[in-house]
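Next come the chains, spelled out residue by residue.
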Amino acid sequence: MPVLVPTSLDQAVSMLSATPDALVLAGGTDAMVEVNAGHRKPHHVLVVNRVAELRSWTFDPEASTVRIGSAVTYAELMEPPIADLVPALAEASRTVGSPQIRHAGTLGGNLGTCSPAGDGLPVLAALDAIVHLASATGERSMPIGEFMVGVKRNARRPDELITAVTVPVVSGYQGYSKVGVRNAMVIALATACIVVDTPGRTVRLAIGSVGTTIIRCTDAEAFAASAVDFDSGTASGDTVTRFGELAAAASRPIDDHRATADYRRHAIGVMAGRLLRRGFANV
Amino acid sequence: MSDPTVPDPTVPEPTGSVGFDELYQLNVNGETRDVRDAWVGESLLYVLRERLGLMGSKGACEQGECGSCSVMVDGELVCSCLVMAASAIDQPIVTIEGVAPIGSPSDVQQAFVDAGAVQCGFCTPGLIMATHALLERSAEPSEFEIREELSGNVCRCTGYGRIIEAVQRVSVSRRADAESGIAS
């Protein structure tokens, strides 16, 4: 089993093209758990977290977007100025694992694993992120909703690397909420991310750990857009309650060893209501 | 697809690659160490303990939950159980053995002894590494910050009170040293 450690994107994609069965290893915080347990015995490993092009993020003030390289770590996403540009992503990153995990784990790894409990994914879904992929034959981009296909399944071809995501810088409240058994080192039982676009007059809500992939709560979003007052930044108690109910209704949770479906559905309703309340004062 | 056993001349040489059954080197505590006869998918924790005889980093959960294997790789505190050892070629690695010479503990190690922050001792090497990393980043952390930054290190003996006290002692004594340094 060779371990390949490229430092440029050109090297990385040509190596992957020669060995498309390679395990693509970024921070290792998901993949090494499986390797240690003997659940995964890769023939080739392609280490991508020293590829310079994947290690940085850039802000485009004209387009008002941030392009985040796939090997940017959660610890880096928590630091200003990117934490100020995409606050919900900083909040979500702060809930990942522990400092040790956040120094290693990457946003690209979250996309590659594509667990419905991935903490970065509800934020990317609520922001309508674009996922960028590259292979030896070219590049392609797709909306996050098309990229996430199912539980730990995504649209990446074996010869492709996830290179970056592009997210908009949005003017308005955004926040992330997560329920688990403790604050640190916990896989989410239920998560929610709200993004309020005040000039655009929209409220976006994405929920995680309650379906095969991240779910956008379109009914709750449409309801909020018509029920909140964007000018005064307020919402009634009834609006908050109804928003939570619609979010809970959009969830598709299951019973498993970590929580029951009923608990997860209830948690989604509570978190959605709280997030809307943080964005809009009571009237 | 091309046969991966045949070298493809169009594929550029990477800065590093470790082949099957190959000898490779790791830079541990300032020394270049040979890793022989290893399966290259082994974790850094396994290589440190079983191949290089550095038994200070502890192995417990092997899934990044407990922090007892914490080391610094390229200046960042990470769980060595989640680092594929061969992926750390050409990167400086600091383990608990590299923190201070035996018999001459670091201020953090001494503070853990003085505060009674060590009971069974299994979590201690990881906590010492995490504390050094924390104080490097934030010289005077609040209790909240200490709890947050040490949240990846599980201790089942102490209840954490004396560990937090030890961190605070180091912070206070370093500030006192810095102030007396300015005065003198």
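Residues numbered from 1 in each chain as written. Chains lettered and ligands numbered in written order. Predicted model: local features only at pLDDT ≥ 70, side-chain atom pairs only at ≥ 80, totals over all residues. Heavy atoms only, no water.

Student: What should I look at first to understand the environment of A224 of chain A in this one?
Tutor: Residue and element names in this part refer to chain A. Relative to the elements of secondary structure, A224 occurs in helix α10 (residues 218–227). Relative accessible area serves as the criterion here: at 0%, A224 is assigned to the buried category. Those residues in contact with A224, other than ones at most four positions away along the chain, are V203 and F243. (Helix = DSSP H or I, 4+ residues; strand = E, 2+ residues; numbered from the N terminus. Buried < 20%, exposed > 50% of the residue type's maximum accessible area, 1.4 Å probe, protein only. Contact = heavy atoms within 4.5 Å.)

Student: How should the side chain of E160 of chain A be read in this particular structure?
Tutor: Residue and element names in this part refer to chain A. Here E160 shows up in the loop between β9 (153–154) and β10 (161–168). Side-chain polar atoms of E160 contact the side chain of R140, separated by 2.6 Å. Residues contacting E160, with those up to four places away along its chain left out, are L16, L133, A134, S135, R140 and A155. (Polar contact = N/O pair within 3.5 Å; in protein donor to acceptor, adjacent residues only side chain to side chain.)

Student: In this structure, what is going on with the domain arrangement of chain B? I would like to understand it.
Tutor: Interfaces are often sized by the amount of accessible area the parts lose when they come together. Residues and elements named next belong to chain B. Segmentation of chain B into domains returns domain 1 (24–96) and domain 2 (107–179). Its C-alpha centre places domain 1 at a distance of 22 Å from the equivalent point of domain 2. Taken residue by residue, the interface counts 15 residues in domain 1 and eleven residues in domain 2. For the domain 1 and domain 2 pair, buried surface summed over both sides reaches about 1,000 Å², with 71% attributable to carbon and sulfur atoms. For domain 1, the biggest contributors to the area lost against domain 2 are K58, L77 and I96; these three give 43% of the whole. Summed over the shared surface of domain 1 and domain 2, the result is zero salt bridges. Seen at the junction of domain 1 and domain 2, the total is three residue pairs in polar contact (both at pLDDT 80 or more). Take the side of domain 1 that touches domain 2: its biggest share by element is three residues, from strand β4 (residues 70–73). Here the side of domain 1 that touches domain 2 is built from residues that sort into seven nonpolar, six polar and two charged. (Domains from an automatic or database assignment. Buried area = accessible area lost by both parts, 1.4 Å probe. Salt bridge = Lys/Arg side-chain N within 4 Å of Asp/Glu carboxyl O. Nonpolar A, V, L, I, M, F, W, Y, C, P; charged D, E, K, R; others polar.)

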